[in-house]
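Structural overview
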Amino acid sequence: MTEVYQLVTDTYGVPSYQEANPTLLNTVTFPLMFGIMFGDLGHGSILTFFAIFLVYGHHTLKGTILEPLGYLRYTLLSMGLFASYSGWLYNDFFSLPLNLFPSCYGLEDR
């Protein structure tokens with residue numbers, strides 16, 4: 001699962017001897033930052049369902065054009081989950097407001 005994140009770390013520079021390897025930190029922060037920037041419940045759920053298809057059906061993708069995506073299946077799953085969660089917090093579904101959490105502004109005091 002962390003092999004993809006190690007490639008991201010190697011892209012920006014390999015840690016020297018006795019330096020901390022930031023790959024474990026990238027495993028959490030990369031999908032989290034993606035979810036915060038992407039933040040849409042509709043698009044995030046599509047990405048999540050596609051990643052679930054890749055996780056459970058990666059053996060059927062051998063020899064097809066989608067075979068390289070099997071390498072990224074857990075990364076896409078975590079990115080989709082974080083994007084769906086952020087979209088739920090932002091009340092955003094395909095760039096349309098959901099109004100799950102109504103605003104308290106404009107309500108009369110009781």
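1. Side note on the overall build of the chain
Check the secondary structure of the chain and you find 4 helices and 2 strands. Computed over the C-alpha atoms, the radius of gyration of the chain is 18 Å, more than 25% above the 13 Å expected from 2.2 N^0.38 for a compact globule of 110 residues. Taking the principal axes of the C-alpha coordinates as reference, the chain spans close to 65 × 40 × 15 Å. When the 110 residues of the chain are sorted by exposure, 28% land in the buried category. In the chain, the share of contacts with a sequence separation of at least 24, taken over all contacts with a separation of at least 6, comes to 66%.

2. Re the packing of helix α2 (residues 23-38) against helix α4 (residues 73-90)
At a minimum axis distance of 7 Å, the contact between α2 and α4 shows a crossing angle of 40°. Considered as vectors, α2 and α4 are oriented oblique to each other. The two elements α2 and α4 cross, and the hand of that crossing is right-handed. On α4, the residues touching Val28, Phe30, Pro31, Leu32, Phe34, Gly35, Ile36 and Phe38 of α2 are Ser78, Met79, Phe82, Ala83, Ser86 and Tyr90. Classifying every residue of the contact of α2 with α4 by side-chain character gives 11 nonpolar, 3 polar and no charged.

3. Here we look at the side chain of threonine 75
Assignment of secondary structure puts threonine 75 in helix α4. Given a relative accessible area of 6%, threonine 75 falls into the buried group. Contact partners of threonine 75, with chain neighbours within four places excluded, come to Val4 and Tyr5.

4. Let's talk about unusual backbone geometry
One non-glycine residue, glutamine 18, lies in positive phi territory at about 65°. With respect to the element layout, glutamine 18 can be found in the loop between α1 (3-12) and α2. Since its relative accessible area comes to 70%, glutamine 18 is described here as exposed. Despite not being glycine, asparagine 91 has its phi angle at roughly 55°, a positive value. Inspection of the secondary structure assignment puts asparagine 91 in the loop between α4 and β1 (92-93). With a relative accessible area of 14%, asparagine 91 lands in the buried category.

5. A closer look at the nonpolar core
If you look at the biggest cluster of nonpolar residues, it comprises 6 residues: Leu47, Ala51, Leu54, Leu61, Leu76 and Met79. When contributions to this core are tallied by element, the ones reaching two or more residues are α3 (41-57) and α4. The biggest single contributor to this core is α3, with 3 residues. In this structure methionine 79 touches Phe30, Pro31, Phe34 and Leu47, once residues within four positions along its chain are discounted.

6. As for the packing of aromatic side chains
Applying the stated criterion across every chain yields a total of 5 aromatic pairs. Here phenylalanine 93 and phenylalanine 94 contribute two aromatic rings whose centre-to-centre distance is 4.8 Å and whose plane-to-plane angle is 75°, an arrangement assigned as edge-to-face.

Calculation criteria
Residues numbered from 1 in each chain as written. Predicted model: local features only at pLDDT ≥ 70, side-chain atom pairs only at ≥ 80, totals over all residues. Heavy atoms only, no water. Helix = DSSP H or I, 4+ residues; strand = E, 2+ residues; numbered from the N terminus. Rg over C-alpha atoms; globule rule 2.2 N^0.38 Å. Buried < 20%, exposed > 50% of the residue type's maximum accessible area, 1.4 Å probe, protein only. Contact = heavy atoms within 4.5 Å. Axes fitted to C-alpha atoms, helices over the stretch in contact; angles between N-to-C directions. Parallel < 35°, antiparallel > 145°, perpendicular 65-115°, else oblique. Left-handed = near helix turned anticlockwise from the far one by under 90°. Nonpolar A, V, L, I, M, F, W, Y, C, P; charged D, E, K, R; others polar. Core = buried A, V, L, I, M, F, W, Y, C linked by side-chain atoms within 4.5 Å. Phe/Tyr/Trp six-rings, centres within 6.5 Å; stacked < 30°, edge-to-face > 60°.

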